[in-house]
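Working through the structure, step by step
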Amino acid sequence: MKRRLPRRWRIALRRAAAGDRPWETPSVRELCELPATTPLLVHAGGIADDRALGGILAALVRLPEFHLALVRTDADGAAVRELIRRAGKARRRVHEVPRPRRLTPAFLASADLAVLGFAPAGDPAASVPAVLDAYRAAGLRIVAGNARPVREYLARHRTGELFAPGSVPSFVKAVERAWDRTAEAPEAAEPIVAPVEAGTPGPWRALGAGPVRLGLGTANYAGQLSALAAAISAARPDVGVELVVAKPPANYRYPADRYLHFPAEHQLDVQLDQIRRVLGAYTHLIVDAFRPVLGRLNGDDVAADLPALRRARIKVALLAHGSEIRHPGTHLERHAESAFRDAPEDLRERLTVVAERNRRTAEESGLPLFVTTPDLLDDVPFATWAPLVVDVDGWTCDRPVLERARPVVLHAPSNRWTKGTDRLLPGLQELHDRRIIELRLVEGLPYSEMRRQVQDADIVVDQLVIGSYGTFSCEGMAAGKVVVAYLSEAAHRGVGVQPPIVNATPTTLVKAIESLLDDRAAATALAAEGPTYVRDQHDGRRTAEVFDAFLR
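The following paragraphs examine the structure supplied in this document. (Residues numbered from 1 in each chain as written. Predicted model: local features only at pLDDT ≥ 70, side-chain atom pairs only at ≥ 80, totals over all residues. Heavy atoms only, no water.)

**Side note on the side chain of Thr218**
Mapping Thr218 onto the fold places it in the loop between strand 7 (212–217) and helix 9 (224–235). For Thr218, a relative accessible area of 4% puts it in the buried group. Among all residues touching Thr218, those that are not within four sequence positions of it are Leu225, Val244, Val245, Ala246, Asp288, Arg291, Pro292 and Val293. (Helix = DSSP H or I, 4+ residues; strand = E, 2+ residues; numbered from the N terminus. Buried < 20%, exposed > 50% of the residue type's maximum accessible area, 1.4 Å probe, protein only. Contact = heavy atoms within 4.5 Å.)

So this is what it looks like as structure tokens:
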């Protein structure tokens, strides 16, 4: 009789095979043995004391895509197994996870949402459960039972949704609201990149190495600030750089000089130290995604930081990437197949508030505004295009395209609604079923595996609903692949570029691919233009030139 290896051994072997460190404490997702694309709730607040857990498990029947990890102590084992037994049809989606010695952000952060049912019986004004700080440190949105101390905590930190303990519909709606809010990130969603140690130095000169002392912070979506810092440092020997990033420790993915993380970012002494560093050390500052740069004392966007920065005579520029400045309403008016057709109504409303607030900040401040994709100039025509920066050499490959009778078509959405995935997939699936193409739909892959997938493809299909090309298109072009994306042609003409990309929408995608296969020579010639285009526009040199005048 064959015996199955213990779970931790299986995880260690998979890590070793992938070249990772096998004996680090596994994350909660690894212990559940779930792929990154499976929605995962985590409960780590104590099993015996949470009187609403039974209702939470009952609600899973109405949340068929979600799994739940119950993090338990040895003493909670019997109670957890009884809860799982009573979960009925949902029990296969409930995972019993041993609690590690330390409940670290790295352990929790691989989940999608954190849940807490109800505080222990007793004083209704009891202190906030400590696990909420652990959830926030991991960067998780929280779904919690509506008790006064918890309600006040979530309101103070703007980080969760409340439900009525014992009410299945209330819990289901709270999870759905929290899940929708996870879609608010810009289109340059974070690829899965191996973590780095906080303070890992980047390839740039340190602050003070030149007369221009440039600060950058604090979003660093997809490592774009790290890439920008390196590009500016390479172009300008008189510039020293300090990059500060505000993210949970589990998301330390790219080099930075300082990380501000939850909950420390909200502590008074940490924020005062950040104020002293910024106001006392920088001559120039690039504000990323309108995020605050002086901690959270002044609020959750940069507008209230600007008076202090002006008084300190720091030269400030704003940098935007996507949904923090793209207006849903005007996008729907401009584009018949806009991504916002698929966005939930409450999400569109929230993004409208964000875009209008940030545009108002840009207009009223009069600060130079830079955007990383040309389509954003439709929303802020007074801005300047600063092209995305990619590692061109890291994606280059010599595999020829369109030589296979059945070419490989790759679609790898980081966020389905912003890519138009659900609208474009039926057409690609039809071509696949007819054996005209081999469709590869991949989601949640590590960075190195995603690069291998791109290099092995013939055609890369990026977003078809936004109006500009992003990082994934640049990587496909750098690899010499045929890239298909939806481009707002007027916006790209306005900045003087004509990327070698096949322009298509979900409606025209099938016809576009059939045309490529009817004239493979022309398609191959178009793909061959990609590496040169990306090197000319996106290796960092042009982006550094765009910021040159600001840094004088």
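**Structural notes on the packing of helix 18 (residues 471–478) against helix 21 (residues 520–538)**
Relative orientation of the contacting elements helix 18 and helix 21 amounts to 130°, with a least axis distance of 7 Å. Of the possible angle classes, the one that applies to helix 18 and helix 21 is oblique. Contacts from Cys474, Met477 and Ala478 of helix 18 reach helix 21 at Gly530, Pro531, Tyr533, Val534 and His538. Broken down by class, the residue content of the contact of helix 18 with helix 21 amounts to 6 nonpolar, 2 polar and no charged. (Axes fitted to C-alpha atoms, helices over the stretch in contact; angles between N-to-C directions. Parallel < 35°, antiparallel > 145°, perpendicular 65-115°, else oblique. Nonpolar A, V, L, I, M, F, W, Y, C, P; charged D, E, K, R; others polar.)

**A few points about the sheet that holds strand 17 (residues 482–485)**
The 5 strands are arranged 15-14-16-17-18 in an open sheet whose pairing can be described as parallel. Edge positions in the sheet fall to strand 15 (438–441) and strand 18 (502–503), since each has one partner strand and no second. Contacting strand 14 (408–411), strand 15 and strand 16 (459–461), helix 17 (residues 447–456) runs over the sheet at an angle of about 145° to strand 14. (Pairing = 2+ DSSP bridges.)

**Digging into the side chain of Asp458**
Position of Asp458 among the secondary structure elements: in the loop between helix 17 and strand 16. Only 2.8 Å separates the side chain of Asp458 from the side chain of Arg404, close enough to count as a polar contact. Residues within four places of Asp458 in sequence aside, it is in contact with Pro400, Val401, Leu402, Glu403, Arg404, Pro407, Val408, Lys481 and Val482. (Polar contact = N/O pair within 3.5 Å; in protein donor to acceptor, adjacent residues only side chain to side chain.)

**Examining the environment of Asp458**
Relative accessible area serves as the criterion here: at 0%, Asp458 is assigned to the buried category. Considering only alpha carbons, one finds Asp458 and Glu438, 20 residues apart in sequence, at a separation of 9.8 Å.

**Some thoughts on the packing of aromatic side chains**
Inspection of every chain in the model, using the stated rule, returns 5 aromatic pairs. For the ring pair Phe66 and Trp179, a centre distance of 5.3 Å and an interplane angle of 80° mean the geometry is edge-to-face. You can see Phe66 sitting in the loop between helix 3 (53–59) and strand 2 (67–72) and its partner Trp179 sitting in helix 8 (residues 168–181), a full 113 residues away along the chain. Note on Tyr469 and Tyr533: the rings are 6.2 Å apart at their centroids and 65° apart in plane angle, and the pair reads as edge-to-face. Here Tyr533 lies in helix 21 and Tyr469 lies in the loop between strand 16 and helix 18, a separation of 64 residues in the sequence. Across this residue pair, the class does not change: Tyr469 and Tyr533 are buried. (Phe/Tyr/Trp six-rings, centres within 6.5 Å; stacked < 30°, edge-to-face > 60°.)

**A word on the pattern of salt bridges**
Going through the model one piece at a time under the given rule, you end up with 32 salt bridges. Asp393 is paired through a salt bridge with Arg535; the nearest N and O atoms lie 2.8 Å apart. Pair noted here: Asp393 is in helix 14 (residues 392–395) and Arg535 is in helix 21, with a separation of 142 residues, a long-range link. Judged by its relative accessible area of 55%, Asp393 falls in the exposed class. Asp456 is the partner of Arg440 in a salt bridge, and the nearest nitrogen-oxygen pair spans 2.6 Å. In this pair, Arg440 is assigned in strand 15 and Asp456 in helix 17, connecting sequence segments 16 residues apart. In this pair, the class of Arg440 matches that of Asp456, namely buried. Through salt bridges with shared partners, a single ionic network connects Arg399, Arg404, Glu438, Arg440, Asp456 and Asp458. (Salt bridge = Lys/Arg side-chain N within 4 Å of Asp/Glu carboxyl O.)

**Considerations on the environment of Ile286**
Here Ile286 lies in strand 10 (residues 284–288). Note on Ile286: relative accessible area 0%, which makes it buried. Separated by 33 residues in sequence, Ile286 and Leu319 have C-alpha atoms that sit 6.7 Å apart. Ignoring any residue separated from it by four or fewer positions in sequence, one finds Ile286 in contact with Leu214, Gly215, Leu216, Gly217, Leu228, Ile232, Ala317, Leu319, Phe547 and Phe550.

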